[in-house]
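Here is how the chains run, residue by residue.
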Number of protein chains: 2
Amino acid sequence: MEPATTEQRKLSRSWGSGRWLTQSEPLDRTIGNLHIQTVQIVLAAIKRQRIPEGARMPSTRAIAESLGISRNTAKRAVEILVEQGVLASRNRSGTYLASSAHPEFAEDTSDDSDDIVEWPRRFTLKLNSESELPTIRPTYASFLYGQFDASIFPIGRWRECERSALSVSEIQNWGKDVVDEDDSLLIEQLRSEVLPRHGILARPENILITLGGQQGRYLVSQLFGGAETISGIEHPGMPDMAKMLDLSRTRVRPLALDEDGVILGEQMRGCNTVFLTCGHQCPTTAVMSHERRAALLDQAHRDDFIVVEDTFETEIFAEGKYPPAMKSLPGSERVIHIASLSKLIAPGLRIGYVIAHPSVIAKMRALRRLIHRHPPGNNQRALAIFIERGYYRAFLRRAQAVMSERQDAMATALRRHFPGADWRHCDGASTFWMKVPDGVGSRALAASAAARGVLVEPGGRYFHKEDGRDDWVRLSVSSIVASRIEDGIRRFAEAHRDCVSRL
Amino acid sequence: MEPATTEQRKLSRSWGSGRWLTQSEPLDRTIGNLHIQTVQIVLAAIKRQRIPEGARMPSTRAIAESLGISRNTAKRAVEILVEQGVLASRNRSGTYLASSAHPEFAEDTSDDSDDIVEWPRRFTLKLNSESELPTIRPTYASFLYGQFDASIFPIGRWRECERSALSVSEIQNWGKDVVDEDDSLLIEQLRSEVLPRHGILARPENILITLGGQQGRYLVSQLFGGAETISGIEHPGMPDMAKMLDLSRTRVRPLALDEDGVILGEQMRGCNTVFLTCGHQCPTTAVMSHERRAALLDQAHRDDFIVVEDTFETEIFAEGKYPPAMKSLPGSERVIHIASLSKLIAPGLRIGYVIAHPSVIAKMRALRRLIHRHPPGNNQRALAIFIERGYYRAFLRRAQAVMSERQDAMATALRRHFPGADWRHCDGASTFWMKVPDGVGSRALAASAAARGVLVEPGGRYFHKEDGRDDWVRLSVSSIVASRIEDGIRRFAEAHRDCVSRL
């Protein structure tokens, strides 16, 4: 053993007692992971107190006394810290602070130097980088779409499936870099349990797993887009479509709608692709009839365009009530079918799929590989198990029942508090589309509602930017319990009256 | 109660006994989820036997007897099936097969009709859709890179973190569609625990979470690419780089290397961006010295190009042994730093990040939003917790120790079995880069090795396609235990001798 230097002795004296730990945040004894909390307290204290490298650390007994925990808990914490390289044992004389605990971490010297590099002139892609969604505030009633709803998320069953996906034999399947492949169990479950509900028969080579519906749309727009092509998109329609097509310099043609969805005929002629949300038109919720779907496919064949069928919220439709998917009809060989699987369960999971001809799927797979290889394997496997065990089907039934109750409550409240107003809603859609009186402005209305604790979405982003339209709002019941809807709409109606009276 | 029709009575008689269940696959009683297995057996039997809608189902007692399970297990299974809508209770007279169990599922009527739609002429993006990686076979020794290694994956701790990420309060954070935001806890953990190890100081607006390093490269190539721009890429270098740059029609300039990585000077002049793996050059594993990194930044400033620093495998370097990241050096404002976080833990998780100027991050975020919105929230949160609890640091230390042992075993084996051969390896890299004698061909060598149960990667894909070079192989120790390396290399040397002797 080397003799201790004066410096070392000084270090040992000042930090060995553990008194510096008592100034820490108290432990939360209700959680039951005291050793982990102890690790965090020690790490935080080391940083806060700027304890020097080589300083002698308190014994496990001293840590236990300082924090009021058992000796065993303190031991487990020290073991973790040693394993982390924060502490080191030396010559049986106790533990010391090892160098690796000391990243020289200072705040705020990162580069914000626009002047030097002039970033804006280097971007070759013209792209608006401002987020458009309203900030979510603490609120009385949120009629915003796409938020997570803890009241219908099947947390116990999802946990069970994640746990199963984490068994050693399962990890062997999803843990590796599979380059461009999808989870084979998820593909099988889609084929046998999900797609037949929509009347779609698919082989594995017809299926690609995507990161939500958004990625399906992106891949199609990249693969079939370009300055020489024209894409028809619904108007009003999904907000990001025009921007996404801009990325591949595709020319965009807005398509007019009626109560049955997009209007067929002349306006589609000359398009190379058309992007349609026939299941529930976004945002008007119109459901395209079986007859129009068949006629659309006829026209697509005659005028030689590709139909991109985006199944926005069709899963919520009660079993058997929805018209068959376009991809299930005769003549559907020119249909590319895009769906989201995780929207209902938890949008943050980001899982969707595309059904198309094998040569289309192969190209999309190659492109996806260059973008990010493949979607995370653990989520694919957990979702596959979730479907396999019948939980997805059970969850859908429950979600349908819950959503149906909320839709009824919403329709009743709108009739009561907005008599004579123009609003659209087709059965099974979680959103309502409502006209705002001329001159009021949907943004002003939303701001006025927000001041009363009610969040609604201004509808401007569903229209072409050049139109500058601001006369519709979108109301969703996807994350508000039925019992709060009536009162939320009552408050919204008050805000509405305020706005109208100010005209 | 409505009187039963003749048809209904017939249905009841034929399926109520439960005898049709006994022909099923036997239960696996070692697993302990008998009620779930029972659900699956009933579902499979209904499909297999084409049981008609409305048929009366066996009682729970009959199911229990047929399958040799407890009455309670049968009851739980029936409850699940009722909840799924497969079975329905009617008027206390038992359960019946409900219509929803009957997707009309036939095999193989999906469209493969190239003739009708002529897909190939419609693709605007030229893209090779063939996968290039060798198929993984049962094998004696795999020296392939990027496979999952169960022996170092911290399964218990990862499970703990996924479980914590699934607490109700955590799901509220990641479950929703956050549009374009990243997990705030993961950002904080990167700033305080991961980036300081590389000497990088970053604010939240400097950071974007990506789906692995691949997505970082894709976003940069889209944002700064185009027919008017030139990108320098290492040669040999990462396989997908040239293809990815092709997508944005960027002109590609191959950059020559020496033992210290890319050679500075004339060859970089005129480039708009250069993509470099300075940490460990892929595939040669060369580590660029501190001096050359500084000189590179000087040249980047003089010649006005952007440096994309791709930190391939730098995390494996033992603490303090690696040169500081380019993003930590003076003049780094023109550096875009790309990293993978999940490569080591489990490549299938797909999590990485980009560090860059806030205006670059804002553009990348806007583009990522159009591609797929955001990376899955649950994985971001689980990884954040994994880092917060100190498990990431502990895991790195363990992985470093394991990899170091494997690298030593590999170097020893190569010296013994390939005396005088030309192979490259810098400390901390999990791969080795080896010259194949002229005329042998790396593909032929890999095939010969595979026939002996040893998998190695032919190196052709790291070179420009036009070069058609086939004279290097890549050997990785990322997923082979140290004790098997010597014998694997001995077998590989036999295959090598065979190939040479056939010349």
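Residues numbered from 1 in each chain as written. Chains lettered and ligands numbered in written order. Predicted model: local features only at pLDDT ≥ 70, side-chain atom pairs only at ≥ 80, totals over all residues. Heavy atoms only, no water.

Observations regarding the overall build of chain A
The helix and strand tally for chain A stands at 16 helices and 17 strands. Taking the contacts inside chain A whose residues are at least 6 apart along the sequence as the reference set, 73% of them involve residues at least 24 apart. As displayed, chain A offers around 19,900 Å² of accessible surface, 49% of which is attributable to carbon and sulfur atoms. (Helix = DSSP H or I, 4+ residues; strand = E, 2+ residues; numbered from the N terminus. Contact = heavy atoms within 4.5 Å. Areas by Shrake-Rupley, 256 points an atom, 1.4 Å probe, with all protein chains shown as cover.)

Considering the sheet that holds strand 9 (residues 273-276) of chain B
All names here are of chain B. Across the sheet, 7 strands lie side by side as 4-12-11-10-9-5-6; this open sheet has mixed pairing. The sheet is open, and its two edges are formed by strand 4 (207-210) and strand 6 (251-255), each paired on a single side. Strand-to-strand twist across the sheet, computed as the mean angle between neighbouring axes with direction ignored, equals 20°. Relative to strand 10 (residues 306-310), strand 9 runs parallel, the two sharing 4 bridges. Bridge assignment links Leu276 to a residue of strand 10, and that residue is Glu309. Lying over the sheet, helix 9 (residues 212-224) contacts strand 4, strand 9, strand 10, strand 11 (335-340) and strand 12 (352-355), oriented at roughly 150° with respect to strand 11. (Pairing = 2+ DSSP bridges. Axes fitted to C-alpha atoms, helices over the stretch in contact; angles between N-to-C directions.)

Digging into the side chain of Thr210 of chain B
As for its position among the elements, Thr210 of chain B is in strand 4. Of note is the side chain of Thr210 of chain B, whose polar atom sits 3.4 Å from the backbone nitrogen of Tyr353 of chain B. (Polar contact = N/O pair within 3.5 Å; in protein donor to acceptor, adjacent residues only side chain to side chain.)

Side note on helix 8 (residues 184-194) of chain A
Side chains three or four residues apart in an α-helix point the same way, a direct result of the helix having 3.6 residues per turn. All names here are of chain A. Across the 11 residues of helix 8, 9 count as buried, placing the element largely inside the fold. All of the buried residues along helix 8 are Leu185, Leu186, Ile187, Gln189, Leu190, Arg191, Ser192, Glu193 and Val194. For helix 8, the N-terminal cap is Asp183; the gap from its side-chain oxygen to the backbone nitrogen of Leu185 is 3.0 Å. (Buried < 20%, exposed > 50% of the residue type's maximum accessible area, 1.4 Å probe, protein only.)

Regarding the environment of Gln407 of chain A
Residue and element names in this part refer to chain A. Among the structural elements, Gln407 can be located in helix 14 (residues 391-417). Spatially, the C-alpha atoms of Gln407 and Leu257 are 23 Å apart, while their sequence positions differ by 150 residues. Contacts of Gln407, omitting those with residues within four sequence positions, involve Ile316, His425, Asp427, Gly428, Ala429, Phe432 and Val477. Only 3.3 Å separates the side chain of Gln407 from the backbone oxygen of Ala429, close enough to count as a polar contact.

Overview of the confidence of the model for chain A
Residues and elements named next belong to chain A. Per-residue confidence for chain A gives a mean pLDDT of 83, with 85% of residues at or over 70. In this model residues 100-110 is a low-confidence stretch, pLDDT under 50, and it forms 26 contacts with partners more than four residues away in sequence or in other chains. The complex prediction reports pTM at 0.77, with the ipTM value standing at 0.74. (pLDDT = per-residue confidence, 0-100.)

Looking at the environment of Ile155 of chain A
With respect to the secondary-structure elements, Ile155 of chain A resides in helix 6 (residues 155-165). Along the sequence, Ile155 of chain A and Gly331 of chain A sit 176 residues apart, while their C-alpha atoms lie 41 Å from each other.

Let's talk about the pairing of strand 4 of chain B
Residues and elements named next belong to chain B. On strand 4, burial covers both faces: Ile207 and Ile209 on one face and Leu208 and Thr210 on the other are all buried. Here strand 4 pairs with strand 12 via 4 bridges, running antiparallel. Considered in strand 12, the bridge of Ile207 is made with Ile355.

Some thoughts on the pattern of salt bridges
Under the counting rule described, the total for this entry stands at 52 salt bridges over all chains. For Arg203 of chain A, the salt bridge is made with Glu205 of chain A, and the minimal N-O distance between the two is 3.4 Å. Notably, a salt bridge pairs Arg292 of chain B with Asp258 of chain B, separated by 2.8 Å at the nearest N-O pair. Residue Arg292 of chain B is located in helix 11 (residues 290-303), and its partner Asp258 of chain B is located in strand 7 (residues 257-258); the two are separated by 34 residues in the primary sequence. Overall, the relative accessible area of 16% leaves Arg292 of chain B in the buried class. One salt-bridge network, in which partners are shared between bridges, spans Arg452, Asp487, Arg490, Arg491, Glu494 and Asp498 of chain A. (Salt bridge = Lys/Arg side-chain N within 4 Å of Asp/Glu carboxyl O.)

Regarding unusual backbone geometry
A cis amide bond links His235 of chain A to the next residue, Pro236 of chain A, at an omega of 0°. Relative to the elements of secondary structure, Pro236 of chain A occurs in the loop between strand 5 (230-234) and helix 10 (241-247). Positive phi outside glycine occurs at Asp304 of chain B, with the angle close to 60°. In this fold, Asp304 of chain B is placed in the loop between helix 11 and strand 10.

Concerning the packing of helix 6 (residues 155-165) of chain B against helix 13 (residues 377-388) of chain B
All names here are of chain B. Relative orientation of the contacting elements helix 6 and helix 13 amounts to 120°, with a least axis distance of 8 Å. The pairing of helix 6 with helix 13 is recorded here as oblique in orientation. Handedness of the crossing formed by helix 6 with helix 13: right-handed. Note on element contacts: helix 13 touches helix 6 through Asn378, Asn379, Arg381, Ala382, Leu383, Ile385 and Phe386, opposite Arg157, Trp158, Cys161, Glu162, Ser164 and Ala165. Tallied by class, the residues present in the contact of helix 6 with helix 13 amount to 7 nonpolar, 3 polar and 3 charged. (Parallel < 35°, antiparallel > 145°, perpendicular 65-115°, else oblique. Left-handed = near helix turned anticlockwise from the far one by under 90°. Nonpolar A, V, L, I, M, F, W, Y, C, P; charged D, E, K, R; others polar.)

Remarks on the sheet that holds strand 13 (residues 423-424) of chain B
With antiparallel pairing, 4 strands are arranged side by side in an open sheet as 13-14-17-16 (chain B). With one partner strand each, in any of the chains shown, strand 13 and strand 16 (457-458) of chain B form the two edges of the open sheet.

So, the packing of aromatic side chains
Enumeration according to the criterion identifies 16 aromatic pairs over all chains in this entry. Seen from their ring centres, Trp433 of chain B and Trp472 of chain B are 5.3 Å apart, and the 5° between their planes marks the pair as stacked. Here Trp433 of chain B, found in strand 14 (residues 431-435), pairs with Trp472 of chain B, found in strand 17 (residues 472-476); they are 39 residues apart in sequence, far enough to count as distant. In this structure Trp433 of chain B comes out as buried when scored by relative accessible area, which is 1%. Site record: aromatic cluster; members linked through ring pairs are Trp433, Tyr462, Phe463 and Trp472 of chain A. The side chain of Arg474 of chain A reaches across the aromatic face of Tyr145 of chain A, ending 4.8 Å from its centre. Directly above the aromatic system of Tyr140 of chain A lies the positively charged group of Arg484 of chain A, at a separation of 4.7 Å from the ring centroid. (Phe/Tyr/Trp six-rings, centres within 6.5 Å; stacked < 30°, edge-to-face > 60°. Lys NZ or Arg CZ within 6 Å of the ring centre and 35° of its normal.)

Observations concerning the side chain of Arg368 of chain A
Residue and element names in this part refer to chain A. The residue Arg368 is located in helix 12 (residues 358-372) in this model. For Arg368, a relative accessible area of 0% translates into the label buried. Among the polar contacts listed, one links the side chain of Arg368 to the side chain of Asp182, at a separation of 2.7 Å. Setting aside residues up to four positions removed in sequence, Arg368 forms contacts with Asp180, Glu181, Asp182, Leu208, Ile209, Gln215, Leu219, Arg373, His374 and Pro375.

Thoughts on the pairing of strand 12 (residues 352-355) of chain A
One face of the sheet, then the other: side chains in a regular strand alternate in exactly this way. All names here are of chain A. Burial of strand 12 is two-sided: the residues Gly352 and Val354 facing one way and the residues Tyr353 and Ile355 facing the other way are all buried. Of the strand pairs in this sheet, strand 11 (residues 335-340) and strand 12 are connected by 4 bridges, and their pairing is antiparallel. Looking across to strand 12, one finds that Ser340 is bridged to Gly352.

A word on the environment of Asp303 of chain B
Residues and elements named next belong to chain B. Along the chain, Asp303 turns up in helix 11. Classification of Asp303 as partly exposed rests on a relative accessible area of 22%. With 94 residues separating them in the primary sequence, Asp303 and Ile209 have C-alpha atoms 30 Å apart. There is a polar contact of 3.3 Å between the side chain of Asp303 and the side chain of Arg269.

A short note on the packing of helix 9 of chain B against helix 12 (residues 358-372) of chain B
Any two packed helices are characterised by the angle at which their axes cross and by the distance between the axes. Residue and element names in this part refer to chain B. Here helix 9 crosses helix 12 at 105°, and the two axes come no closer than 10 Å. The angle between helix 9 and helix 12 falls in the class roughly perpendicular. Touching Gln215, Gly216, Tyr218, Leu219, Val220, Gln222, Leu223 and Phe224 of helix 9 are Val360, Lys363, Met364, Leu367, Arg368, Ile371 and His372, all from helix 12.

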